[in-house]
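Chain by chain, the residues:
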Amino acid sequence: MAKYSYVTSGVCSRAVEFEIDDTGVVRNVRFDGGCNGNTQGVCALAEGRKATEVCACLSGIDCKGRGTSCPDQLSRAIAEALGMS
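Residues numbered from 1 in each chain as written. Predicted model: local features only at pLDDT ≥ 70, side-chain atom pairs only at ≥ 80, totals over all residues. Heavy atoms only, no water.

S.K.: Would you explain helix α3 (residues 70–81) in this entry?
M.R.: Every α-helix carries 3.6 residues per turn, so stepping three or four residues along brings you back to the same face. In this model α3 runs 16 Å from its N-terminal to its C-terminal C-alpha over 12 residues, within 8% of the 16 Å that 1.5 Å per residue would give. In terms of burial, α3 is a largely internal element, nine of the 12 residues being buried. Burial in α3 covers these residues: Cys 70, Pro 71, Asp 72, Gln 73, Leu 74, Ser 75, Ala 77, Ile 78 and Ala 79. Buried positions along α3 lie against β1 (2–7), β2 (13–20), β3 (26–33), α1 (36–46) and α2 (51–58). The N-cap residue of α3 is Ser 69: its side-chain oxygen and the backbone nitrogen of Asp 72 are 3.1 Å apart. (Helix = DSSP H or I, 4+ residues; strand = E, 2+ residues; numbered from the N terminus. Expected span 1.5 Å × (residues − 1). Buried < 20%, exposed > 50% of the residue type's maximum accessible area, 1.4 Å probe, protein only. Contact = heavy atoms within 4.5 Å. Polar contact = N/O pair within 3.5 Å; in protein donor to acceptor, adjacent residues only side chain to side chain.)

S.K.: Would you mind going over unusual backbone geometry with me for this structure?
M.R.: Negative phi characterises most residues that are not glycine, and trans characterises most peptide bonds. The backbone of Asn 28 shows a phi angle near 50°, a positive value even though the residue is not glycine. Looking at the secondary structure, you find Asn 28 in strand β3. The backbone of Lys 64 shows a phi angle near 55°, a positive value even though the residue is not glycine. Position of Lys 64 among the secondary structure elements: in the loop between α2 and α3. Taking relative accessible area as the criterion, Lys 64 reaches 77% and is therefore assigned exposed.

S.K.: Whenever I open this one, the nonpolar core confuses me. Can you help?
M.R.: Looking at soluble globular proteins, one finds that nonpolar side chains tend to be buried together. If you look at the biggest cluster of nonpolar residues, it comprises 20 residues, and the most contacted ones within it are Val 29, Phe 31, Leu 74 and Ile 78. Taken together, the elements giving at least two residues each to this core come down to β2, β3, α1, α2 and α3. Element by element, the count of residues in this core is highest for α3, at five residues. For Leu 74, the residues in contact, after removing those within four places along its chain, are Val 16, Phe 18, Val 29, Phe 31, Val 42, Ala 46, Val 54 and Leu 58. (Core = buried A, V, L, I, M, F, W, Y, C linked by side-chain atoms within 4.5 Å.)

Here is the structure:
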């Protein structure tokens, strides 16, 4: 299992940490900061899903016209971890 840490940009959270197991499944997602209820929801929905699926599902979600969001930042972090960016 590989562990990743990604410094977020343009959102309330400061960073996101997660793991991708040997089968490509997302595990143990944790945001540092952000809207607690929303980030907990994103973490719960990402847990146990294929990294590529999570990335595609969350990519491009916007928060208040910022051009990004905490879910989008997780998507970007996963894309980077998978070498897709």
